[in-house]
Amino acid sequence: MATQTSIDRTVYADKKDRPLVYRQRGATTLARNLMTYKALYVMFIPGLLVLLVNNYLPIFGVFVAFKDVNYIDGIFGSPWVGFHNFEFLFSNDDAIRAVRNTVLYSVTFMSLTTVFAVTVGLLFNELRSRLFAKVYQSLMILPYFFSMVVVSYLVLAFLSPQGGFINVILKSMGIAEIDWYSSSQYWPTIFIVITLWKNVGYSAVVYIAGMAGIDPEYYEAAVIDGASRWQQAKSITLPMIRPLIIILTLLSMANIFVSDFGLFYQVTLNSGILYDTTDVIDTFVYRSLINLNDIGMASAAALLQSTVGFALVLSSNVVVRKISKEDSLF
Amino acid sequence: MKKRLKAPALLLTLSMTAAIGLSACGNNNNNASPSASPSTSPTASESNSPSASSSEPAKTELQPFEVSIYMPGSPQKDQVVVEERIDELLKDKLPNTKVSLNYIDWSAYLEKTNLMLQSGEPLDLVFAPEWYQFFSNAAKGAFLPLNDDSLAQGNLLAQYGKGISETINPSYLQAPVIAGKLYAIPTNKELAQGRGFAFRKDIVEKYNFDISTVKDLKDIEPFLQVIKEKEPNIYPVYSNKQDSVLDWLQDYGYQQLGFGTYINRTVEGSKVISMTSPEYLAIELANDKLLNDWYKKGYLNKNAPTTQEKIDDIKSAGKIWFISTTTSPGREEALRIKNNSGSGPENFDWSIVNTQAPLVTTSQATGSQFAIARSSKDPARAMMVLDLLYTDKELLNTVVFGIQDKHYTKVGDNKIKQIADSGYAPGNAWIIGNQLNNYLLDNESDSKYEEYVEFNKTAEQSPLLGFSFNPDPVKTQVASYNTIFTEFSDILRTGPVDPVDILKKRNDKLDKAGIGKIVEEMQKQLDEWKVANGK
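Counting restarts for each chain, with residues numbered from 1 along the sequence as it is written. For this description, chains carry letters from A and ligands carry numbers from 1, given in the order in which they are written. Local features in this predicted model are restricted to residues whose pLDDT is 70 or higher, and side-chain atom pairs enter the listing and the counts only when it is 80 or higher, whereas totals over whole chains, interfaces and linings include all residues. Hydrogens and water are ignored here; the side-chain numbers use all heavy atoms of the structure.

### Describing the overall build of chain B
Then step 1. Secondary structure follows DSSP: runs of H or I at least 4 residues long count as helices, runs of E at least 2 residues long count as strands, and numbering of each begins at the N terminus. Each helix and strand counted, chain B has 19 helices and 20 strands in total.
Then step 2. Think of it in three bands: residues with accessible area under 20% of the maximum for their type are buried, residues over 50% are exposed, and the middle band is partly exposed, with areas taken using a 1.4 Å probe on protein chains only. For chain B, with 535 residues in total, the buried portion stands at 58%.
Then step 3. Contacts in chain B between residues at least 24 apart in sequence constitute 75% of all its contacts with a sequence separation of at least 6.
Then step 4. For accessible areas, the Shrake-Rupley method is used with a probe of radius 1.4 Å. Any residue's cover is judged against the shown protein chains and nothing else. Counting only carbon and sulfur atoms, one obtains 51% of the accessible surface of chain B, whose full area is about 22200 Å². For this analysis, residues touch if any pair of their heavy atoms sits within 4.5 Å.

### Observations concerning the interface of chain B and chain A
Then step 1. Across the contact, 54 residues belong to chain B and 59 residues belong to chain A.
Then step 2. Note on terms: buried area is the combined drop in 1.4 Å-probe accessible area of two parts once they are placed together, counting the loss on both. Summed over both partners, the interface of chain B with chain A buries about 5000 Å², with 59% contributed by carbon and sulfur atoms.
Then step 3. In the sections that follow, a salt bridge refers to a side-chain nitrogen of Lys or Arg positioned within 4 Å of a carboxyl oxygen of Asp or Glu. On the surface where chain B and chain A come into contact, there are six salt bridges.
Then step 4. A salt bridge links Lys475 of chain B to Asp294 of chain A, with the shortest nitrogen-to-oxygen separation between them at 2.9 Å.
Then step 5. Under this definition, polar contacts are N or O atom pairs within 3.5 Å; protein pairs additionally need one hydrogen-donor-capable and one acceptor-capable atom, and for neighbouring residues in sequence, both atoms have to be side-chain atoms. For the pair chain B and chain A, the number of links is eleven residue pairs in polar contact (both at pLDDT 80 or more).
Then step 6. Broken down by secondary-structure element, the contributors of at least two residues to the side of chain B that touches chain A are helix H1 (7-24), helix H4 (106-118), helix H5 (134-139), helix H17 (475-494) and helix H18 (499-512) of chain B.

### Overview of the side chain of Thr102 of chain A
Then step 1. By secondary structure assignment, the location of Thr102 of chain A is in helix H6 (residues 93-126).
Then step 2. When near neighbours in sequence (up to four residues on either side) are disregarded, Thr102 of chain A contacts Ile256, Phe257, Val258, Ser259, Val280 and Ile281 of chain A.

### Focus on the domain arrangement of chain B
Residue and element names in this part refer to chain B.
Then step 1. A domain assignment, automatic or from a database, supplies the domain bounds used here. The domains assigned to chain B are domain 1 (25-192 + 360-466) and domain 2 (193-357 + 469-535).
Then step 2. Counting residues at the interface gives 19 residues for domain 1, matched by 16 residues for domain 2.
Then step 3. Overall, the association of domain 1 and domain 2 removes approximately 1400 Å² of surface from exposure, summing both partners, and the carbon and sulfur fraction of that is 52%.
Then step 4. One can count zero salt bridges joining domain 1 with domain 2.
Then step 5. Linking domain 1 to domain 2 there are six residue pairs in polar contact (both at pLDDT 80 or more).
Then step 6. Here the side of domain 1 that touches domain 2 takes four residues from helix H16 (residues 448-458), the largest share from any one element.
Then step 7. Its residues assigned to classes, the side of domain 1 that touches domain 2 comprises seven nonpolar, six polar and six charged. Classification convention: Asp, Glu, Lys, Arg as charged; Ala, Val, Leu, Ile, Met, Phe, Trp, Tyr, Cys, Pro as nonpolar; all other residues, Gly among them, as polar.

Following this line, the structure appears as structure tokens:
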């Protein structure tokens, strides 16, 4: 939702062009807004419900993290244990390794996806043929909708130690085959390639939409002044979509402590020998607790993740507000 | 927008659902019949008086109730027909009682039942063997004590489980016990399994292998070169992450106590040790090294670490000639598998070599059992149904094999032949009830159950039978142990990497993460148990 708002802000640079919703603020106009945009509000309801049920309702369960849950006393009656459930998250090197991996991957994915998505957006923006632009876009978005289980089989086809595509090529070039699923050093690169392949197309769409809203007059003026294509991109397009980049980045900060479970669990075939570079908080927590069956400890892990994510969004917003007030989220 | 499967968050959500469920008390599963709540059920009130323990509950007073049975297995096409037949059979013996069979796929069974138990869904009979977190669940109160006079329904086993007490081998009822309370009824079958290897008969005959010389994994090595040279379509050794040849090796005298701890059972008064101790490391290293050596020599299938294949498919395809296995009477027949390779015999038959005599331990005797969930709406009825599964041959065989002439045909007095693709073949003979009452399959020996009884009489009993560990005091260490152990177990079980460095790395980590504390706690609980039980 916030993404949509941010696009609008960029697109309607001139205040009078903005839709009604931005001009009329305050509670008095709320009813009129509801009437005017009732179709939009109706469409918003299912999303809101999902959000409420999936993201807000469970917040009541936060207290479980501080309890030693047993079945006899039930969730409410079980004894309180303070921070005891959090201990395992700090009790061994693996937890620290998982935190390190999670944060490094999140930051890497976030920055590389942004760089590539903006670049791709710029390239699309330069495409003359609408038809080709549509075809390319569709093809690039496609991987976004693949389930990670499907991706894991695609990756296995490439990396399998027995007749894997890459090993066949390496062999034909006379290079020694590599046992990918037991060599952890290659996996950061593999993850980056997969993430970019999967997500760049989708992120680029947002930027393309932002670029489409830039007033053509800027470019016409620039052309008259003799600006090259590169200069136009650098001095007009990029500054105009800057707020969009900042807001999307801010939002993704919330997920810095969260990782794509499918990517790290399915795609690696959960191969233990790779954990040095593939174990992230989600897989670590899953592995520790699946055999222990302790919902108190599982909740503790989830609570820590969300708290850190929340704190990161707040603090990065503060930083952004310091630098450029109008680009901050709130 | 991104889909993330977050186990912790999922659990959190579920815990919320549970919180809501607790107050709402949804009647999700048994809504097929209006179930009597324990407080209003006449059987329950009757059971409160001590005299009730000897008298049969008045059958006419039973309220309509459906007992749900949860067990692992593929959902069966003809389940409904079989349930109808069961209800018919129950009509006279337990009026107003129906049964619902709930098969959950093996891969999902543990997680699903755990979530159901956590969220308080009204389950009745749950397959809860030791290897499905039985003791930790029981300690947390997921199951009802079955021999507890102070329970609202009274002592369930004494009142409604007389048939069980009469038929089951008494050793069984010593095992699923925590602090004197019984939490499950084991399936009556062989008390323990030995360990060994199974070799395909046709291959052994073809090359005249003398498998009687095999006492340990390394003794198989001489045969492997022959297979590699002469049988290009057979993997000399096959392993994957689920089934490794390292799985059922002999215990070398060390009884496993769980969470990486062992005790040397050949030494009187031996202390608990961890898997990181030099004496245990030496054993592990030797076998892991052997497997890695076979991997390097090209004996082991190269895709062992990555494959998702099921071992039965590979066996059926004729690509496996030996496996590591548990052993017990009738095991050879049970291993028979259809030959789908397109040539050779109709079925592959196996010869077993024992490398380890059976030892009745807590975990062995609790390897297949049913518990009654705390959330059960009528535990007394659940116990009555369970009791019948131990005494009523027709009922049990319907649950296990389905309906005569529809799912199986009788080929002898006590012998049947299952009809292929009939729509009911859950393969749960060893899972439920009194297995000695099951019909024999056409390829099984007539004396299978006599052998079981004999086997149970002669099997050696561990002095620690009945001891179980409560991990709660060291759960932080146990969580660490789980992460570290699983991190390295797949790679060690599938052989692609030299185990020396890996084992060193793993053991360093385990030591650092406090496996010593688990050993201490294990020793403490063991000593306490010994005192309490006069051993």
